[in-house]
Amino acid sequence: MPRSARYAVGRGIEYLSVLALALVINFVLPRALPGGPLKTLGGGENVGVLSTEDQQRILAEYGLDKSLGEQFLTYLANLLTLDLGKSFADGQPVLDVIVEALPWTMLLVGSSIVLTFLIGVTLGAFGGLRRKQGKGSGLLASALLFDSIPSFWLGMVLIAVFGAFLGLLPTFGVGEGWDDPAGLPRHLLLPVATLTLTGLGQFFLVTRSSMLAVLSSDHIEHARARGVPRARLVRKHALRTALLPVHTVLMIEVGFLVGGALVVETVFAYPGLGRVTFNAIQARDFPLMQATFLVLTVAVVVMNAVADATYALIDPRIRTGAAS
Amino acid sequence: MTTPDPSPDPPPSGTGLRQLLGPAGLVGAGIFSVLLIMALVGPLLVSNNGISPVADPWAEPRPGLWLGGDDVGKDLFAQLIVGTRASLFVGVAVALVVTAFAALIGGAAAVGPRWLNAVLMRLADVVLTLPTLPLLIVAAAFLGRGVGIRIALLAVLAWAGPARIIRAGVMSAWSSAHLEVARAMGANAWHLLVRHASYVVGPLLIPVFVRAAMGAVIADASLSFLGLGDPTVPSWGTSLFWASTNGAFLTDAWARWPLPPGLAITVTVIALGLIGVAVEERINPVLRKVR
Amino acid sequence: MLEIDDLYTGYAAGLAAVRGVDLRVDRGEVLALVGESGSGKSTVAKVVLGLLPDGGWATGSARFDGTELVGRPESGWRSLRGNRIGAIPQGAMGGLSPVHRIEAQLVEAVRLHTTASRPAATARARELVRLVHLDTSVLRAYPHQLSGGMRQRVAIALALAGEPALVVADEPTTGLDLITQERVLDLLVELRSTQDIALLVISHDLPALLRRADRVAVMYAGKVVELRSADVIRNECVHPYTKGLLAASASVEPDAEWSAIPGSAPPLDTDLRGCRFAPRCPVAVDACHDSEPVLVQLGTGLSACHRSGDGLAPGFPSVPRCGPAQEAANQLVRVSDLRVTFRSRRRTTHALRGVDLSVARGEIVGLVGESGSGKTTMGRVLLGLQAPTSGQAEIDGVEITTLRGRRLRATQRRVGFVHQDPYASLHPGMNVRALIAEPLKLGAVPRDQWNERSASALSAAGLPTDEEFLRRLPARLSGGQRQRVAIARALVADPILLIADEATSMLDVSTRAGIATTLRRLATERQLAVLFITHDLGEAMHACDRLVVLRQGEVVDTGPPARIVTEPEHTYTAELVEAGRRRTL
């Protein structure tokens, strides 16, 4: 199947370019600044008070006195050996901080994506059906509402309602963490709900309009004319075709949810990459910020690749090479 | 040729814009206009700019201090009103830049040579895959907190999706029969663009603009909320940042401190969303061809 | 078996698309329901299948084997639709599920309507595919991998899956090439006898059904105006509309007339007291405008016409015959050894493989071919829209294949173009005045001449020139009017060559000959060279002085129409003539 192979290669190149671009951004940004790499890579805000000799010493220590080409190679080599540098704040290796935080973010983002997809697509399909009958504007309005709320603010509101006033749910952190698996869901409930609710809108809107288009397309009308009952029509014929454009959204949504997770984690003091990022911003801890960006880029690319692989499963025209 | 065209008739009923928006879109446009007016004249309506303390810390609301004070006694109501300008400005500015970028890039990809199309669309796919907010955070952290830089960053990360939509629109216009007939008449590219393609692509610019503004308002608020905003200029996101750092939503002050700016953001984005959804429903056939 | 009595139905409250129709389809019978767009024929099919859209309404009665169909709730259709009444919906070949294999779609249909187990249903699917004369290898294919004709056969197989007693086929040949159309219709008639089903065939193509149907019902503006045995309708029809419709279908016989019915069908909301056809009828009298005639027995069938007893032969204007042969010295267009090759990464398509063509001033040359023959590509090369791979194309001594930019545009302005789709080729936001003036603006014609030249082009195209008409947007024009506006636009800049690409194909049958008549007059009066691109050999026969038959990018036959029809040089031409001739019986 040359077409699908070419497609796969094309996407592969694309993902590699994304990674390359992220690497370059990461390398260039700290070096391109007026403050110079000394401030951003050499130890934080207090470099101004150092003597010239000390500055030279630090530059040499970080290899910043070499040519840019050499620096880039060193940078790549360090990445390959997973050496992401040390945090300014406490001197801890960045990798350790990331490795500790990443599973938490994956748990949060992973469960939110699954929920967002399932709920968003179901409601969207339903909304499309209702719209076909001239109803369903209530659903549309709520989708628009949740699409418009900033996720961190929704998190605050949920904390105020369920934590502060009702006292039903914990409002921050993850309690005992992995040591108390039974307590985790209670801690996860509010952050996951926040992310899911704010992510629903896109899935809903796209599924809905795609469903509407499919429902009025020829092959559905004709299946109906051939006597296919309505429930089967929706389940077997409409939904699968309607899911095709949703796939594109899934890709974009992955990136969106990862970003959303950053702010939501901050609100809920959740021990993932988002809080690491927030703390890094507060402390001007540049190596840590860069590392989270890089790790999240890799995560998004991987998730996109997975979504891509599943696309061919639902659209035979990709697999077998459509004429048009 | 300076002679004006014989102008075409207006669409059958109502003005073009009203017909394009529909009732929901008109509501959205109405709300957005009110917000715009508030951004323009708002600072004149409040007695202070919300930057320096005017009351006791955590002061309770009273006449003249409608939402009370924050942790150092700054006027929260003044912050809300004055913040409208900063928040909307970023949204509108980013949307303008993104729409212009998208029109140029999408248009060039649609009618330009094949290699240009390939390069631009690959680039768009790459930008679409980059995780926006993390990148924004890193870039904003390095490049500083100026509003110009923030607008540039948001625009650079947001053009890709809109460019694809415009490209699809221009391509659909370019293959339309009336454009082909005009080309066979010996019309030059300028005439084709102004007279024929604009008819299809023009309405597309509204949802593109609106979507870009929605994204920018939220992304800008998120950056401010993470402490990457400009602390000297009141904005809704900055108010929320301070509310969050002070844990205001766990105190009695939740209804007067974190609630209003969040609501303001939500209302702004909903107003834009209403316009966008209304226009999209009317021009859906073009949008559906994006993939 | 199917009995329709006094059926009124419509899509919006108060607007009836069907106004009092009575029809019967007997067991094993083929009834052809014929009419043009807006006649209500498809609406009748929708009632019989229970597929009226939301907001649609129906009164009266339609009984299938004694079961009332009108007013039946959706749940009540399960045992009928697809089961007892099979459907081949309009555009059925585009209506297969794009994401399921043919086998899965057939098996689903079989299992929906029978109690067959999965293996039994799979076996039945193979049987169905053979029944419609397809190879069983299509079972593994997806629809996008099949040709239009094959997909249409699959759609027919799907309709047969429930072993229905009645099959409703709505325009079953639309979008297919002539030869394929004939084969699909043959298949339907064959299935009628082998599968013991009755057929209700809805079509705008009266001649195609004459040889295949048992009875023909002709609809006009929501009513049946004539109902008669198919084998006698050509000679014994009474209603002027039926006569007009027969005369409006171009036959390949050289001595037959090709006529148009003037005007166009009334919109649904017109308030006419009398016969709806009266405004277009050449033999209408006062009574026709005052009261609407009812369907009465006349001869061997039924007709609804006040003048039916008078034995009148209504005269419809027909296309004038071709002029004297043009001398070679007058050649305007010379194309030699033209090749166009499209290369994509997947495949190389040879659209034109060395085509020679010439058109003289005042001559109409017909370029005949089915879809994919390269005829449209030929037109696009002459219009400067497509650069050829090799070869020459000369218009009035100017070699256009090498022209670029300003000089190309200058030549393009001397060539008029009528696009096949009158609905898409007019800018929907420009009124008639602006549309006609566009070529003048592009040609930098001084503004003070615009009005005069527009008016002359409009009259030449057979259109009014009053202010009200000039201010109309395309949405308020009929299909025929739109195509005439397109012709006027092509004429206004005084072209030397007119290229009409399938200019009649999307118009109602009754108005097609009118367009051809206009082209003929222009060729004669203005000494205009016309390239008439068409898939319809019959139309080309009557409209053109000389024919060029194109097949897969090559000219297979060329010469005067009469010669081509009587002594075709190529087997393909012979096949085309044969397919066309079968309709005239």
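Residues numbered from 1 in each chain as written. Chains lettered and ligands numbered in written order. Predicted model: local features only at pLDDT ≥ 70, side-chain atom pairs only at ≥ 80, totals over all residues. Heavy atoms only, no water.

**Thoughts on the sheet that holds strand 2 (residues 18-25) of chain C**
Residues and elements named next belong to chain C. Pairing in this open sheet of four strands is antiparallel, and the strands run 2-1-4-5 from one edge to the other. The sheet terminates laterally at strand 2 and strand 5 (67-68), the two strands that pair on one side only. Here strand 1 (residues 2-10) pairs with strand 4 (residues 57-64) via seven bridges, running antiparallel. Within strand 4, the position partnered with Glu-3 by the bridge is Arg-63. On the sheet, helix 1 (residues 41-49) packs against strand 1, strand 2 and strand 4 and is oriented at approximately 115° with respect to strand 1. (Pairing = 2+ DSSP bridges. Helix = DSSP H or I, 4+ residues; strand = E, 2+ residues; numbered from the N terminus. Contact = heavy atoms within 4.5 Å. Axes fitted to C-alpha atoms, helices over the stretch in contact; angles between N-to-C directions.)

**Some thoughts on the interface of chain A and chain B**
The interface is formed by 59 residues belonging to chain A together with 47 residues belonging to chain B. The junction of chain A with chain B conceals about 4,500 Å² of combined surface from both sides, 77% of it contributed by carbon and sulfur atoms. When the buried surface of chain A facing chain B is broken down by residue, A:Phe152, A:Trp153 and A:Met156 rank first, second and third, together holding 14% of it. Where chain A touches chain B, the interface holds one salt bridge. A salt bridge links A:Glu14 to B:Arg122; the shortest N-O distance between them is 2.3 Å. Among the secondary structure elements, those contributing two or more residues to the side of chain A that touches chain B are helix 1 (2-31), helix 6 (137-148), helix 7 (151-165), helix 8 (184-215), helix 10 (230-268), helix 11 (273-282) and helix 12 (286-314) of chain A. (Buried area = accessible area lost by both parts, 1.4 Å probe. Salt bridge = Lys/Arg side-chain N within 4 Å of Asp/Glu carboxyl O.)

**Here's the deal with the domain arrangement of chain C**
As assigned here, chain C comprises domain 1 (2-84 + 164-241) and domain 2 (422-487). Measuring from the centre of the C-alpha atoms in domain 1 of chain C to the corresponding centre in domain 2 of chain C gives 38 Å. (Domains from an automatic or database assignment.)

**So, unusual backbone geometry**
Comment: phi is negative for the bulk of residues other than glycine, and the bulk of peptide bonds are trans. All names here are of chain C. One non-glycine residue, His-133, adopts positive backbone phi at about 60°. Along the chain, His-133 turns up in the loop between helix 3 (118-131) and helix 4 (148-160). Residue Gln-552 is not a glycine yet carries a positive backbone phi of 45°. Topologically, Gln-552 is positioned in the loop between strand 21 (546-551) and strand 22 (554-559).

**Brief notes about helix 11 (residues 405-412) of chain C**
Every α-helix winds through 3.6 residues per turn, so residues three or four apart in the chain are directed the same way. All buried positions along helix 11 of chain C are accounted for by C:Leu408, C:Thr411 and C:Gln412. The arc that holds every buried residue of helix 11 of chain C, seen down its axis, measures 105°, which confines them to one face. Looking at helix 11 of chain C, the residues exposed on the side facing more than 90 degrees away from the buried face are C:Arg406 and C:Arg407. Here the buried face of helix 11 of chain C lies against helix 7 (177-184) of chain B together with strand 17 (398-399) and strand 18 (415-418) of chain C. (Buried < 20%, exposed > 50% of the residue type's maximum accessible area, 1.4 Å probe, protein only. Arc of directions from axis to C-beta.)

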